[in-house]
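# Coordinate analysis (summary)
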Amino acid sequence: IVVDPMYGAGVSCAREVFERLGFEVVGLHEEAVCDFRGLHPAAREPWVDECERMVIESGARLGIVLDGDADRMGIIDETGRLVSQHDLAPLALERLVAVDDHRDRVVATFESSVRLQRQAERLGLAYSRVPDGFSGVYREFFEGDVLMGADERGGVAVPSHLMERDGLVAACLASSMLLAREETASKAVERLASELGRTEWGYRNVPLDPASLERLRNFLPGVNPREVVGVEPAEVSHADGLRVTFEDDSWIMVRPSSTLPSVRVSAEAGTASDLSKLLAFGVSKVRI
């Protein structure tokens, strides 16, 4: 496999960990460099391009990319394509359940993909959705009954190991899942799609001036739409901004930022077309 710690915190141990798992490792960006040599250390396009090329050129089974502080990771499949961040937590959870006898619950942020919820339910686990981003997930860890926590950007935490997101542990779980099932990464993604259904996830950041942002914060708690893009909601939550869920598990969420003068509109739907409609609707309402 190709292992790319992106000049970040993973340089000290990533190669050794994957060699101990039994992989032959091809390394990239394995020096600790304070300025990252112009590379933005994030496990997403286009910053994973070099790892994608190396996977193809070396004929590797997969690539593992760790971001700068190694709390998140990405997987490159054997064809050189970045696996969706929303498939990473379901893959890690599948392996965690296989090696852990506990049947504790899974906790995730409000914006996390429905694919993780479906995976938890498929594996017989309770699933809790919590507000306030990963701060809400942290609070749940102290209840003592959480097997795994996750966020919408591919972050995975296993509190029995560490009460923090750990990209290296998530990568170990996902890659060992592929070894155990003798699957390629692309086949694993296709299997997940057949087991959990295909969904499209996306978001938009909408800049707002401070006055408009404050008005929106005051306005959202009273919003209870009868329909969104012609569809009647199944559930409306005001626990973390506004989240509207529909019968088919699609959803849209409007969440004012607590640190920036902007609003995040995120959504998930069964098709790219339906996703675009939900996002366009959310953005149009935020900008009124």
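Attention here is on the structure that accompanies the text.

About the thresholds
- Residues numbered from 1 in each chain as written.
- Predicted model: local features only at pLDDT ≥ 70, side-chain atom pairs only at ≥ 80, totals over all residues.
- Heavy atoms only, no water.
- Salt bridge = Lys/Arg side-chain N within 4 Å of Asp/Glu carboxyl O.
- Helix = DSSP H or I, 4+ residues; strand = E, 2+ residues; numbered from the N terminus.
- Core = buried A, V, L, I, M, F, W, Y, C linked by side-chain atoms within 4.5 Å.
- Buried < 20%, exposed > 50% of the residue type's maximum accessible area, 1.4 Å probe, protein only.
- Contact = heavy atoms within 4.5 Å.
- Pairing = 2+ DSSP bridges.
- Arc of directions from axis to C-beta.
- Polar contact = N/O pair within 3.5 Å; in protein donor to acceptor, adjacent residues only side chain to side chain.
- Axes fitted to C-alpha atoms, helices over the stretch in contact; angles between N-to-C directions.
- Disulfide = S-S within 2.5 Å.
- Phe/Tyr/Trp six-rings, centres within 6.5 Å; stacked < 30°, edge-to-face > 60°.
- Lys NZ or Arg CZ within 6 Å of the ring centre and 35° of its normal.

Another aspect to go through is the pattern of salt bridges. In this structure the tally under the stated criterion is 25 salt bridges. In this structure, the salt-bridge partner of glutamate 94 is arginine 181, at a minimum N-O distance of 3.4 Å. Linking glutamate 94 in helix H3 (residues 85-99) with arginine 181 in helix H6 (residues 167-181), this pair joins segments that are 87 residues apart in sequence. Through salt bridges with shared partners, a single network forms among Glu94, Arg122, Arg181, Glu183, Arg191 and Glu195.

A separate point is the nonpolar core. Across soluble globular proteins, nonpolar side chains have a tendency to be buried as a group. Ranked by internal contacts, the top residues of the largest apolar core, which has 43 residues, are Phe18, Ile75, Leu93 and Leu116. The biggest single contributor to this core is H6, with 8 residues. When sequence neighbours within four positions are dropped, the list of residues in contact with leucine 93 reads Val106, Leu116, Gln119, Ala120, Leu123, Leu125, Leu147 and Met148. Residues Leu242, Ile252, Ala267 and Leu278 belong to the second largest nonpolar core, which totals 21 residues.

The next point concerns the sheet that holds strand E7 (residues 146-150). The 4 strands lie next to each other as E6-E5-E7-E8, forming an open sheet whose pairing is mixed. With partners counted over all chains shown, the strands left at the sheet margins are strand E6 (127-130) and strand E8 (156-157), one partner each. Bridging between E7 and E8 involves 2 bridges; their strand directions are antiparallel. Residue pairing across strands places glycine 149 opposite alanine 157, the latter belonging to E8.

Among all positions in helix H8 (residues 210-219), only Ser212, Leu213 and Leu216 are buried. Relative to the axis of H8, the buried residues are bounded by an arc of 100° and lie together on one face. Turned more than 90 degrees from where H8 packs its buried face, Pro210, Arg215 and Asn218 sit exposed. N-cap assignment for H8: the residue whose side-chain oxygen lies 3.1 Å from the backbone N of alanine 211 is aspartate 209.

It is worth spelling out the side chain of threonine 245 at this point. Take threonine 245: it is sitting in strand E11 (residues 242-245). Ignoring sequence-local partners within four residues, the contact set of threonine 245 consists of Pro233, Ala234, Glu235, Ser250 and Trp251.

Pairing in this open sheet of 5 strands is antiparallel, and the strands run E9-E13-E12-E11-E10 from one edge to the other. At either margin of the open sheet sits one strand with a lone partner, and together these are strand E9 (200-207) and strand E10 (235-237). The mean angle between the axes of side-by-side strands here comes to 10°, regardless of whether they run parallel or antiparallel. Where E9 meets strand E13 (residues 262-269), 8 bridges bridge the pair, whose relative direction is antiparallel. Residue asparagine 205 lies in a different strand from E13, and its bridge partner there is arginine 264.

This paragraph deals with the state of the cysteines. In the structure shown here, the tally under the stated rule is 0 disulfides. In this model cysteine 13 remains outside any disulfide bridge; the closest cysteine sulfur is found in cysteine 172, 9.0 Å from its own. What makes cysteine 13 partly exposed here is its relative accessible area of 28%. The buried category is assigned to cysteine 172, whose relative accessible area is 17%.

For any two aromatic rings, the description comes down to two numbers: the centre-to-centre distance and the angle of the planes. As enumerated under the stated definition, the model contains 5 aromatic pairs in all. With 4.9 Å between their ring centres and 80° between their planes, phenylalanine 134 and tyrosine 138 make a pair best called edge-to-face. One end of the pair is phenylalanine 134 and the other is tyrosine 138, both in helix H5 (residues 133-141) and 4 residues apart, which spans about a single turn. On the basis of an interplanar angle of 55° and a centroid distance of 5.9 Å, the ring pair of tryptophan 201 and tyrosine 203 is categorised as tilted. An aromatic cluster is present here, built from Phe134, Tyr138 and Phe141 joined pairwise through their rings. Above the ring of tryptophan 251, the side-chain terminus of arginine 243 is found at 4.5 Å from the ring centroid. Over the aromatic face of tyrosine 203 sits the side chain of arginine 264, whose NZ or CZ is 4.1 Å from the ring centroid.

Before going further, it helps to examine the pairing of strand E4 (residues 73-76). Of the two faces of E4, the one lined by Met73 and Ile75 and the one lined by Gly74 and Ile76 are each fully buried. Direction of pairing for strand E3 (residues 63-66) relative to E4: antiparallel, over a ladder of 4 bridges. Across the sheet, residue isoleucine 64 finds its bridge partner in E4, namely isoleucine 75. Count of turn residues in the E3/E4 antiparallel hairpin: 6 residues, of which alanine 70 carries a positive phi of about 60°.

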